[in-house]
Amino acid sequence: MFKNIVIVGTGYVGIPVAAMFADKGFNVIGINRTKDKVDLINKGLCPIEGDEPNLPELIKKVVKNKKLVATTDYSYCKNADAILICVETPFDSEKWEPHYDSLKSALTSVAQNMSKGCLVIVESTIAPTTMESLVKPILENTSKMKAGKDFLLGNCPERVMPGKLLYNIENLSRVCGGINEETSNKMLELYSHIVKGELYPTDCITAEVVKTAENAYRDVEIAFANEVALICEKLGINVYEVRELVNKAPYRNMHLPGAGVGGHCLPKDSLLLSYGVKGIMKPELMILARNLNKKMPIHTAGLLLNIFKEKGINVKGKKITVCGFAYLENSDDTRNTPALDVINTLKEKGAVIQVHDPFVKSYEGIEIKKNFYESIDGSDAIIFVTAHSEYKKVDLSKIKKLMNTPIIIDGRNIFEKEEMIKKGFIYKGVGKG
Ligand code: SAJ
């Protein structure tokens, strides 16, 4: 029977799952290394920016009824029946390896405090074989206990998405990879309290591969759409018309091409998956796809640079407004945003960049403007990088009057080419020849 649950890491993954277990009557302790976040949560406030339906209200409720308490103190693990580890696991693409410092530190602190009979579950995304080669040894060597015997150990990969944190946890299926059958069954029992989706028991390494493969798969799907977009540009046709007709064929689901692939999952999970077989085999397709997607923001900036070149305009000093800094439409999440590569590519050529985003409050070293028309006033070009709904409603005649030169680059198929040309814009869209 589970009563006391500890969640290590109260970010995008940890805080919603902590609030959901607390709402089901469990005594939940949320451990975070930063005191500010701990204090915020203990005031009943949500530490996540952006629009997360029902999450702020849920946190307020469970903190008020004392079912959720945040702390920096790992000694609470002593009384935990279950400990979920939800810390960040970024990938260092320079060194070509996962960055497990947060994971290692969390595991060590948990192992120093946890008691016999506890169930430890890693929800963070990890490369295949990490449970066996890193998680289990740290827990066993530090606690002097045996996994599968003195404590149970499993991997239940998160499936969160900014903007749908609570919805995804409640409704998506989950893979419960246990060190043994007893553990997988205990995981099913625990998660059945908060997950309405299917719960699939399996072993740890299968769970590790499922998580990284499901995102590598999506990255490859998007890369395919991006490659067809590049072909359509060369052939002078519209990739979005091609996509619509391709998807009329049965079993086709061509994804959306665009200005790039950001977020906390897709840019790293194919790298984590390939890292899992490092020294054994070298995956090709998913790495090619990853490299193609990484080029899309540069390609998008290149569409503008080509126009300047054709018109004999010197980019140096030109005022360019980048619209959309979040990696995802109608979100404030900026992790691995393609917008940064668009901005840097143009800055390297001497352009002066303004950034507009209706959701992103701030970003280190970049002023984010809130008023769209102000941000494009006097600009020599606009590049739309994120498909925020606001951009679909802008007044094109007003934009044309405000701009110095009416050059628009559309990274997300926000506008129709014909309409833009009719209105007197010099318009280029990703995938639109
Ligand atoms: N993107 C495209 N074309 C597409 C879809 C997305 O260029 O057809 C771009 C987006 O603009 C964004 C990036 O890819 O920059 C990622 O978009 P995403 O929709 O995949 O959103 P994420 O990164 O939040 O993905 C998460 C993933 N979920 C987990 O890792 C648990 C992903 O597997 C889910 O499919 C996605 O949420 C979702 O749709 O829920």
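It should be emphasised that the depicted structure is a prediction, and the values quoted were computed from it without experimental measurement.

### Considerations on the site of the ligand
Around the ligand, a shell composed of 21 residues is seen, among which Arg159, Asn215, Arg218, Leu256 and Tyr327 lie nearest. Here Arg218 contributes a side-chain N or O atom positioned 2.6 Å from an oxygen atom of the ligand. In this structure, Leu256 approaches the ligand through a main-chain N or O atom, which is 2.8 Å from a nitrogen atom. Coverage of the ligand by the protein chains reaches 86% of its 740 Å² of free accessible surface. A molecule is said to occupy a pocket when more than half its atoms come within 2 Å of that pocket's grid points, and by this definition the ligand occupies the second largest pocket. If one sorts the elements of the shell around the ligand by residue count, helix 8 (residues 204-235) sits on top with four residues. For the shell around the ligand, a count of residues per class yields ten nonpolar, five polar and six charged.

### Quick word on the packing of helix 11 (residues 285-310) against helix 12 (residues 339-347)
When two helices pack together, their arrangement is given by the angle between their axes and by how far apart the axes lie. Axis separation between helix 11 and helix 12 bottoms out at 8 Å; the angle between their running directions is 45°. With respect to helix 12, the axis of helix 11 lies oblique. Crossing of helix 11 over helix 12 shows right-handed handedness. Contact residues: helix 11 offers Lys294, Pro297, Ile298, Ala301, Leu304 and Leu305, while helix 12 offers Asp341, Val342, Thr345 and Leu346. Class assignment for the residues of the contact of helix 11 with helix 12 results in seven nonpolar, one polar and two charged.

### Comments concerning the pairing of strand 8 (residues 152-155)
Burial along strand 8 is two-sided: Leu152 and Gly154 and Leu153 and Asn155, pointing in opposite directions, are all buried. You can see the chain leave strand 7 (residues 119-122), run along helix 5 (residues 130-143) and come back into strand 8, and the turn it takes is right-handed. The pairing of strand 8 with strand 9 (residues 174-178) spans two bridges and is antiparallel. Following the sheet pairing, Asn155 is matched in strand 9 by Gly177.

### Quick notes on the domain arrangement of the protein chain
Splitting the protein chain by domain gives domain 1 (4-197), domain 2 (212-286) and domain 3 (296-429). The straight-line distance from the C-alpha centre of domain 1 to that of domain 2 is 30 Å. Between domain 1 and domain 2, the contact holds 16 residues from the first and twelve residues from the second. Summing the contributions of domain 1 and of domain 2, the shared interface buries around 1200 Å²; its carbon and sulfur component is 67%. Interface area lost by domain 1 to domain 2 is led by Phe91, Trp96 and Pro128, which between them contribute 41%. At the junction of domain 1 with domain 2, the criterion picks out one salt bridge.

### Thoughts on the sheet that holds strand 1 (residues 4-8)
Read from one edge to the other, the open sheet built from eight strands follows the order 3-2-1-4-7-8-9-10, with strand pairing classed as mixed. For this open sheet the edge positions go to strand 3 (68-71) and strand 10 (199-203), each flanked by a neighbour on one side alone. Each strand of the sheet is rotated relative to its neighbour by a mean of 25°, with strand direction disregarded. Alignment of strand 7 against strand 8, held across four bridges, turns out to be parallel. Across the sheet, the residue bridging to Val120 is Leu153, located in strand 8. Relative to the sheet, helix 5 contacts strand 7 and strand 8, its axis offset from that of strand 8 by approximately 145°. Sitting on the sheet, helix 7 (residues 181-191) touches strand 1, strand 4 (82-85), strand 7, strand 8, strand 9 and strand 10, and the angle it makes with strand 9 is about 145°.

### A closer look at the UniProt feature "domain: UDP-glucose/GDP-mannose dehydrogenase C-terminal" (unreviewed entry) in the protein chain
Residues annotated in UniProt with the feature "domain: UDP-glucose/GDP-mannose dehydrogenase C-terminal" (unreviewed entry) correspond here to residues 321-417. Structurally, residues 321-417 is divided into 23% helix and 19% strand, and its ends, taken at the C-alpha atoms, are 19 Å apart.

### Structural notes on the layout of surface pockets
There is about 940 Å³ of room inside the second largest pocket. Lining the second largest pocket we find 34 residues, and of these Met161, Arg218, Ile222, Leu266 and Leu328 sit closest to its centre. When residues of the lining of the second largest pocket are traced back to their parent elements, those giving at least two are helix 6 (165-171), helix 8 and helix 9 (239-246). Tallying contributions element by element places helix 8 first for the lining of the second largest pocket, with five residues. Looking at side-chain class alone, the lining of the second largest pocket contains 16 nonpolar, nine polar and nine charged residues.

### Topic: the sheet that holds strand 15 (residues 407-410)
The strand order across the open sheet built from six strands is 13-12-11-14-15-16, with neighbouring strands paired in parallel fashion. Of all strands in the sheet, those bounded by a partner on one side alone are strand 13 (368-369) and strand 16 (426-429). Along the sheet, helix 12 contacts strand 11 (319-323), strand 12 (352-356) and strand 14 (381-384); its crossing angle with strand 12, the most-contacted strand, is approximately 160°.

### So, the side chain of Gln354
If you trace the backbone, Gln354 turns up in strand 12. Look past the residues within four positions of Gln354 in its chain and what remains in contact with it is Lys319, Ile320, Thr321, Val322, Lys369 and Ser375.

Reading the values: rules and limits
Residues numbered from 1 in each chain as written. Predicted model: local features only at pLDDT ≥ 70, side-chain atom pairs only at ≥ 80, totals over all residues. Heavy atoms only, no water. Near = heavy atom within 4 Å. Polar contact = N/O pair within 3.5 Å; in protein donor to acceptor, adjacent residues only side chain to side chain. Areas by Shrake-Rupley, 256 points an atom, 1.4 Å probe, with all protein chains shown as cover. 1 Å grid on protein atoms, 1.4 Å probe; cavity = no way out; pocket = protein on both sides within 12 Å on 5 of 7 lines; lining within 4 Å. Sits in = over half its atoms within 2 Å of the grid points. Helix = DSSP H or I, 4+ residues; strand = E, 2+ residues; numbered from the N terminus. Nonpolar A, V, L, I, M, F, W, Y, C, P; charged D, E, K, R; others polar. Axes fitted to C-alpha atoms, helices over the stretch in contact; angles between N-to-C directions. Parallel < 35°, antiparallel > 145°, perpendicular 65-115°, else oblique. Left-handed = near helix turned anticlockwise from the far one by under 90°. Contact = heavy atoms within 4.5 Å. Buried < 20%, exposed > 50% of the residue type's maximum accessible area, 1.4 Å probe, protein only. Right-handed = clockwise from strand over helix to strand, strands pointing away. Pairing = 2+ DSSP bridges. Domains from an automatic or database assignment. Buried area = accessible area lost by both parts, 1.4 Å probe. Salt bridge = Lys/Arg side-chain N within 4 Å of Asp/Glu carboxyl O. UniProt positions renumbered as here; feature names shortened; annotations may be inferred. Points joined across faces, edges and corners; volume = space filled by probe spheres on them.

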